[in-house]
Amino acid sequence: MDTKLLFHDAAGFQAPMLAVFAVDIAIGKDAEPLLAPLTTSDAVTNAAAKVLASGEFKGTLGETLLLHAPNGLKAERLLIVGLGKAKDLSVDEVRKGAGVAVRAAKPLGVREVAIAFPEDHALSDEHLDSLPCTLMSRALVEGAELAEMDWDTYRSDRKDRSIRTLSVIANEAEKSSRDEIQVGFDEGLVVAAAQNFTRSLVNEPGNVLTPTELGKRAAAMCAEVGLKCEVHSTKKLHELKMGAFWAVAQGSEEPPALIVMTYEPQLGKGQVAATNAPVFGLVGKGITFDTGGISIKPADGMEKMKYDMAGAGAMIGAMRAIAQLKPKVKVIGVVCSAENMPDGKAFKPGDVVTAMSGKTIEVVNTDAEGRLVLADGLHFAKTLGCTHLINAATLTGACVVALGILNAGLFTNDESTWEKFQEATKISGEKFWRLPCTEDYKDQIKSQIADMMNTGKNRWGGAISAAMFLKEFVGETPWVHLDIAGCAWNDESKPWVANGPSGIGVRSILEWVRSYSA
């Protein structure tokens, strides 16, 4: 999709379809909806006024109303997109609204879409607080770019419903506002491309995206954006004594891949990096297919286990965006990728393996393999000098039981790190819910024969048991663990996005890293 920003009068812009956002400005719990478009264009407001006053359109988030041959506009169609209550408006509603506009155009055969930039100052302060132009512009572009993707990749009867041109139409504001809108627009393109890159990886079937292929695609991406990349396999795992990672990999004919991506911040002439500067480690679980191993999964739904590398995908996508947005902090991405297969050489329940850190692990269930590869990945990141760690993984079904599919799980050992991440989600719009991993849960993973078990003593608090296991390998290093099992794949389409891979984590991880940039 060719996405461009134009400073132009929306009413005078010629397009097959112009989308404009509307919000409900009614105040009070029982008040009837009172709709107002987010535009200062009198012509656009007048074109929509009659239908907005009719009560036919309520303005709820994702609701649309299409007007043909709108009076006073050069556009052939006017699409009104609801963003919900004005008092609840955030950048995420703008992101979703842009997605709605793009998704609505596809079945109509419209290939050129214009979206009027939302001017929240069109409303009075009593209705909503003003949102920064930069964030609104970025969110709009992200929503539109994410919505354009469909995931019927291998269908021979696949129909081309792509939007060829998207024009974001902003009024000719003063230069400072124009500059802010342009900055947000440019960032939005970068972030959306990174998230879509992640989604394209997660969408691939396991027979295509093997660990070796994931390494090749990560390396190609790094070469494209200027990151250093190293891809290692079996020999390196043995050299590093990654016994936990290798235990998972050993049952597959496909060799594992240890992917290391490095971003070095650009320093000005004469500048020297501070000796105490933070280094961020982004560690992703990259199980390209998970059968459960000897503790094999039920057949029902196992085909979805191609997305068990979504955590790795999030880290690869985040590294892509980091390389292009250039925060002033060093970042190292570590991906531990393997297949978990039931073979004569596969690890077994009852085995004891030794992790890279030297800690011993009793394997109780081979389907708790993600935490094993992450154990070695997190420790390895520390040996590379990382002072702050974050990992992402489709780790536990228990987290899905606890939180459903609306929030991903979050665990941390450091309050200030958690606060930074929480602030990042206000920009990213992604939803995470913090769960505990305090020391009183440690008994859950105690083993009689080894330092720890790879599962809890019982089924209760399974997501916490997994987090407690990972915590053993980060020590005192500030750390965030994201359990994205319930949110990495959208089983149902939404008005703003197709069903399929979500790419969750990319935006939040990026913003978390950027929050430390001087």
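Residues numbered from 1 in each chain as written. Predicted model: local features only at pLDDT ≥ 70, side-chain atom pairs only at ≥ 80, totals over all residues. Heavy atoms only, no water.

Asker: With reference to specific residues and values, describe the side chain of D24.
Answerer: Structurally, the position occupied by D24 is in strand β2 (residues 17–24). The exposure class of D24 is buried, given its relative accessible area of 5%. Side-chain polar atoms of D24 contact the backbone nitrogen of L34, separated by 2.9 Å. For D24, the contacting residues outside a window of four places in its chain are P33, L34, L35, K58, G84, K85 and A86. (Helix = DSSP H or I, 4+ residues; strand = E, 2+ residues; numbered from the N terminus. Buried < 20%, exposed > 50% of the residue type's maximum accessible area, 1.4 Å probe, protein only. Polar contact = N/O pair within 3.5 Å; in protein donor to acceptor, adjacent residues only side chain to side chain. Contact = heavy atoms within 4.5 Å.)

Asker: Run through the sheet that holds strand β8 (residues 228–232), naming residues and quoting values.
Answerer: What the eight strands build is an open sheet, ordered β8-β9-β11-β10-β14-β18-β15-β16; its pairing is mixed. Edge positions in the sheet fall to β8 and β16 (432–434), since each has one partner strand and no second. For this sheet, the mean angle separating the axes of adjacent strands, direction not counted, is 20 degrees. Here β8 pairs with strand β9 (residues 257–263) via five bridges, running antiparallel. (Pairing = 2+ DSSP bridges. Axes fitted to C-alpha atoms, helices over the stretch in contact; angles between N-to-C directions.)

Asker: Which residues make up the environment of A488, and what are the values?
Answerer: Inspection of the secondary structure assignment puts A488 in the loop between β18 (479–483) and β19 (489–490). In this structure, the C-alpha to C-alpha distance between A488 and E142, residues 346 residues apart in sequence, is 17 Å. In this structure, A488 is in contact with Y307, A310, T394, G500, P501, S502, G503 and I504, ignoring residues within four places of it in sequence.

Asker: Give a description of the pattern of salt bridges that names residues and reports values.
Answerer: Within this structure, the stated rule accounts for 37 salt bridges. Here K106 makes a salt bridge to E148, at a shortest N to O gap of 3.2 Å. With K106 in the loop between α2 (91–105) and β6 (112–116) and E148 in the loop between α3 (133–147) and β7 (165–170), this residue pair connects regions lying 42 residues apart in the sequence. Given a relative accessible area of 11%, E148 falls into the buried group. One salt bridge in this structure joins R164 and D160, with 4.0 Å as the shortest N-O distance. The exposure class assigned to D160 is exposed, which follows from its relative accessible area of 51%. (Salt bridge = Lys/Arg side-chain N within 4 Å of Asp/Glu carboxyl O.)

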